[in-house]
Amino acid sequence: MTTLKIPSNVPHPSEDSEQLRGAFQGWGTNEGLIISILTHRNAAQRKAIRETYAQTHGEDLLKDLDKELSSDFEKAVLLWTLDPAERDAFLANHATKMLTSSNAIIMEIASTRSPLELLKAKQAYQARFKKSLEEDVAYHTSGDIRKLLVPLVGTFRYDGDEVNMTLAKSEAKLLHEKIADKAYNHEDLIRIVTTRSKAQLNATLNHYNNTFGNVIDKDLENDSGDEYLKLLRAAIKCLTYPEKYFEELLRLAINKTGTDEWALTRVVTTRAEVDLQRIAEEYQRRNSVPLDRAIDNDTSGDYQKILLALLGRED
């Protein structure tokens, strides 16, 4: 469910390219024009604009945007303008760096993208960074977190709806046994989470809930300070109810003493063409406040305008 409002008569990429070039000319940058063009174009259209811009002006649109814009607004525009696979590759690489290390972002990309989207992200990663995502994740992690994250990014899950109910029952029982024994890092538990299709995993967890009277998330909460367990719970949520994961991420980003702009920017730009509408509905249900109003109250200026435009709000 996309929040994007794409006009039926989208201008030719060359027209958009010239308009954007014009937004950089003269005194000051026309941020409003940049927002109005880019937030009303889908990924394929934005890619065509970048290609046309490069052919016409011999320059990279992203580099020109980088020169002209600043702060959180710049980050939002650049992330949004990137092709989704390139964006995921950039975010994953950023998450493996020492100063910006984030196992949660790597888990998020591996667990919320479709198998094909994850494959394209890994191809983009190799093209840009001349190494594989798997080797970088393995190098920058250790112990149980490495045991979970490397297969999570390395898998190519089955993406169909078919479910084996006999398998769901036996694996629900297996999961319950391992969790009861506190064997949270058992290879079978990791195997099930990192390789089963999302439909199969949902069936297994539904059976777990119905048979043992508890959602698996609650049974994994015994040691909330454990980073591996926290990551495992988040991966399960991402694989089964991504809108709940992203709602919580937004709630924490907005309700902090200071807004976590990086998390807010990442969720809005990566989900606007996927399920941001569902996330917004979950946010309203959970917080009794519309997501656009929460963002409106917590941000300002051009940064606020681009986030609200990606949410589908036209002022």
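Residues numbered from 1 in each chain as written. Predicted model: local features only at pLDDT ≥ 70, side-chain atom pairs only at ≥ 80, totals over all residues. Heavy atoms only, no water.

Asker: Just to check I follow, could you spell out the overall build of the protein for this structure?
Answerer: Counting its secondary structure elements, the protein contains 20 helices and zero strands. A compact globule built from 315 residues would reach a C-alpha radius of gyration of about 20 Å, and the protein, at 21 Å, matches this within 12%. Overall, the protein is about 70 × 45 × 40 Å in size when its C-alpha atoms are taken along their principal axes. Per-residue burial over the protein gives 49% buried out of 315 residues. Sequence-distant contacts in the protein: of pairs separated by 6 or more residues, those separated by 24 or more amount to 70%. A total accessible area of about 15,100 Å² is found for the protein, and carbon and sulfur atoms account for 49% of it. Taking the 42 positively charged and 50 negatively charged side chains of the protein as two groups, their mean positions are separated by 3 Å. (Helix = DSSP H or I, 4+ residues; strand = E, 2+ residues; numbered from the N terminus. Rg over C-alpha atoms; globule rule 2.2 N^0.38 Å. Buried < 20%, exposed > 50% of the residue type's maximum accessible area, 1.4 Å probe, protein only. Contact = heavy atoms within 4.5 Å. Areas by Shrake-Rupley, 256 points an atom, 1.4 Å probe, with all protein chains shown as cover. Lys, Arg positive; Asp, Glu negative; His and termini not counted. Charge placed at Lys NZ, Arg CZ, Asp CG, Glu CD.)

Asker: It is not clear to me how the packing of aromatic side chains should be interpreted in this structure. Could you clarify?
Answerer: Describing an aromatic ring pair means giving the distance of the ring centres and the angle of the ring planes. Summed over the entire model, instances satisfying the criterion amount to three aromatic pairs. Judged by centre distance (5.4 Å) and plane angle (65 degrees), the ring pair of tyrosine 208 and phenylalanine 212 falls under edge-to-face. Of the two residues, tyrosine 208 and phenylalanine 212 are both situated in helix 13 (residues 198–212); the distance of four residues between them amounts to about one turn of the helix. Overall, tyrosine 208 belongs to the buried group, its relative accessible area being 0%. Taking NZ or CZ as reference, arginine 46 lies 3.7 Å from the ring centre of tryptophan 80, over its face. The ring of tyrosine 241 is capped by lysine 244, whose NZ or CZ atom sits 4.8 Å from the centre of that ring. (Phe/Tyr/Trp six-rings, centres within 6.5 Å; stacked < 30°, edge-to-face > 60°. Lys NZ or Arg CZ within 6 Å of the ring centre and 35° of its normal.)

Asker: Sorry, what's going on with the pattern of salt bridges here?
Answerer: Under the counting rule described, the total for this entry stands at 23 salt bridges. For arginine 21, the salt bridge goes to aspartate 64, with nearest N and O atoms at 3.2 Å. Of the two residues, arginine 21 is situated in helix 1 (residues 13–24) and aspartate 64 in helix 4 (residues 61–68); the sequence distance between them amounts to 43 residues. Under the relative-accessibility criterion, aspartate 64 is labelled buried at 5%. (Salt bridge = Lys/Arg side-chain N within 4 Å of Asp/Glu carboxyl O.)

Asker: What is the right way to look at the nonpolar core in this model?
Answerer: Nonpolar side chains tend to gather and get buried jointly when the protein is soluble and globular. Core analysis: the largest hydrophobic core is formed by 88 residues, its most contacted members being Ile34, Leu65, Met107, Leu232 and Ile295. With nine residues, helix 15 (residues 227–240) is the largest single contributor of residues to this core. Contact partners of isoleucine 295, with chain neighbours within four places excluded, come to Ile254, Leu264, Val268, Leu307, Leu308 and Leu311. (Core = buried A, V, L, I, M, F, W, Y, C linked by side-chain atoms within 4.5 Å.)

All we've got here are geometric facts, nothing functional implied.
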